[in-house]
Amino acid sequence: MPQSIHLAPAGPFSDAERDAVYRAIHTRRDVRSQFQPDPIAPEVLERLLLAAHHAPSVGFMQPWNFLLLTDPATKARVKHAFSRANDEAAAMFGDARKALYSAIKLEGITDAPVNLCITCDRERGGPVVLGRTHNRDTDLYSTVCAVQNLWLAARAEGIGVGWVSIFNDADLREILGLPEHVVPVAYLCLGHVRELHSEPELQQRGWAQRMPLEELIFHNSWGQRESGESSDLSEIPSL
Ligand SMILES: Cc1cc2c(cc1C)N(C[C@H](O)[C@H](O)[C@H](O)COP(=O)(O)O)c1[nH]c(=O)[nH]c(=O)c1N2
């Protein structure tokens, strides 16, 4: 028996609502060192997880789990795993870059009151999932959508989020007891913040710059710029 199909209005938001969405997008930051020790209220954490759980997913597979870590001993093990991987990473840069790399704090594992690993269960939904038949990795992409939903919702709640990926996969799997078919997609540090960097910290510290948008837009085939070197969006009839 098919369920009845309902549609909801889909007009634009009010100016204030739209501005709030863009504000969350443009002022969201990766947080490494600004975490306050205060706990996150359970209802706030629940709203963040609900936001993540409302992400799009291939075939509505919802492949994520939310592994919450508050135990100091577990966090200490994760921090140790980070430090090992971070030393390996630092050794891969030349001298000047290595000095800058080593000066940047790249995690808030033990500072943040909550650590959250968002995982992808690659077997959820069985062997054939609508939309994943020709692209096996779409379950991973779906999980990243959940991460971004949480990150933006956290910005609106005044909660900072820092993504830490400097781990050997095996270390994280062992500490978290993950089965083989579950991928640790994002290891996140969460906590209240009073201030955020106004621009990406890596930009402020001279590690990398935001690229001009127009350099990233091609038309119809890879590398093709519509009119000479310029890519004026107003020239696209449908925008
Ligand atoms: C998949 C992935 C993995 C990581 C990150 C991000 C993403 C998307 N980022 C954060 C990253 O450095 C940051 O997003 C960019 O520098 C842009 O800054 P804002 O996020 O705009 O503040 C990140 N930051 C960090 O300090 N340690 C890390 O291990 C990682 N790993």
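Residues numbered from 1 in each chain as written. Predicted model: local features only at pLDDT ≥ 70, side-chain atom pairs only at ≥ 80, totals over all residues. Heavy atoms only, no water.

Moving on, we come to the UniProt feature "domain: Nitroreductase" (unreviewed entry) in the protein. In the UniProt entry, the feature "domain: Nitroreductase" (unreviewed entry) is given for residues 25-192. From the first C-alpha to the last, residues 25-192 spans 18 Å; its make-up is 42% helix and 18% strand. (UniProt positions renumbered as here; feature names shortened; annotations may be inferred. Helix = DSSP H or I, 4+ residues; strand = E, 2+ residues; numbered from the N terminus.)

Moving on, we come to the site of the ligand. Within the structure, the ligand sits among Arg28, Arg29, Asp30, Arg32, Leu106, Trp163, Val164, Ser165, Ile166, Pro200 and Leu202. The contact in question runs from a nitrogen atom of the ligand to an N or O atom on the backbone of Leu106, over 3.0 Å. The backbone of Trp163 places a nitrogen or oxygen atom 3.3 Å from a nitrogen atom of the ligand. When the ligand is considered free in solution it has 620 Å² of accessible area, and contact with the protein chains removes 72% of it. Its residues assigned to classes, the shell around the ligand comprises six nonpolar, one polar and four charged. (Near = heavy atom within 4 Å. Polar contact = N/O pair within 3.5 Å; in protein donor to acceptor, adjacent residues only side chain to side chain. Areas by Shrake-Rupley, 256 points an atom, 1.4 Å probe, with all protein chains shown as cover. Nonpolar A, V, L, I, M, F, W, Y, C, P; charged D, E, K, R; others polar.)

With that settled, consider the nonpolar core. A general trend in soluble globular proteins is that nonpolar side chains are found buried together. Ranked by internal contacts, the top residues of the largest apolar core, which has 27 residues, are Val78, Ile109, Phe167 and Tyr187. Among the secondary structure elements, those contributing two or more residues to this core are helix 3 (72-90), helix 6 (169-176) and strand 4 (182-192). The element that contributes the greatest number of residues to this core is helix 3, accounting for six residues. Setting aside anything within four residues of it in sequence, one finds Tyr187 in contact with Leu69, Val78, Ile109, Asn115, Leu116, Cys117, Gly162, Trp163, Val164, Phe167 and Leu172. The next biggest cluster of nonpolar side chains, apart from the first, holds 25 residues, and it includes Ala153, Ile159, Val161 and Leu190. (Core = buried A, V, L, I, M, F, W, Y, C linked by side-chain atoms within 4.5 Å. Buried < 20%, exposed > 50% of the residue type's maximum accessible area, 1.4 Å probe, protein only. Contact = heavy atoms within 4.5 Å.)

Once that is clear, we can look at the pattern of salt bridges. Any two side chains of opposite charge can pair, so long as their charged atoms come close to each other. Under the criterion given, the structure shown has 17 salt bridges. The closest approach of N and O atoms between Lys105 and Glu107, which form a salt bridge, is 3.9 Å. One salt bridge connects Arg124 with Asp121, and the closest N-O pair in it is separated by 3.6 Å. Overall, the relative accessible area of 25% leaves Arg124 in the partly exposed class. The network of salt bridges with shared partners includes Arg122, Arg132, Arg136, Asp137 and Asp139. (Salt bridge = Lys/Arg side-chain N within 4 Å of Asp/Glu carboxyl O.)

Domain parsing of the protein yields domain 1 (28-193) and domain 2 (212-239). In this structure, domain 1 and domain 2 have C-alpha centres spaced 34 Å apart. (Domains from an automatic or database assignment.)

In the structure shown here, the tally under the stated rule is zero disulfides. A disulfide-free cysteine, Cys117 has its sulfur positioned 11 Å from the sulfur of Cys189, the nearest such atom. Residue Cys117 is classed as buried on the basis of its relative accessible area of 0%. Considering cysteine sulfurs only, Cys117 is the nearest to Cys120, which forms no disulfide, with 11 Å between them. (Disulfide = S-S within 2.5 Å.)

For the rest of this paragraph, the subject is helix 5 (residues 138-157). When the terminal C-alpha atoms of helix 5 are compared, their 29 Å separation across 20 residues agrees well with the 28 Å that a helix rising 1.5 Å per residue should span. The set of residues buried in helix 5 consists of Thr138, Asp139, Ser142, Thr143, Ala146, Val147, Leu150, Trp151, Ala153 and Ala154. In the core, the buried residues of helix 5 are packed alongside helix 2 (42-53), strand 1 (64-69), strand 2 (114-121), strand 3 (159-164) and strand 4. Phi for Gly158, located one or two positions after helix 5, is positive at around 75°. (Expected span 1.5 Å × (residues − 1).)

Relative to the helices and strands, Glu107 resides in the loop between helix 4 (95-103) and strand 2. Overall, the relative accessible area of 6% leaves Glu107 in the buried class. Polar contacts involving the side chain of Glu107 include one to the main-chain amide nitrogen of Ile109, which spans 2.8 Å.

Before going further, it helps to spend a moment on the pairing of strand 4. Across the 11 residues that make up strand 4, a large majority, nine, are buried. In this sheet, strand 4 lies alongside strand 2 in antiparallel orientation, the contact comprising eight bridges. When the bridges of strand 4 are listed, Cys117 appears paired with Tyr187. In terms of strand pairing, strand 3 meets strand 4 through six bridges, oriented antiparallel. Residue Trp163 lies in a different strand from strand 4, and its bridge partner there is Leu188. (Pairing = 2+ DSSP bridges.)

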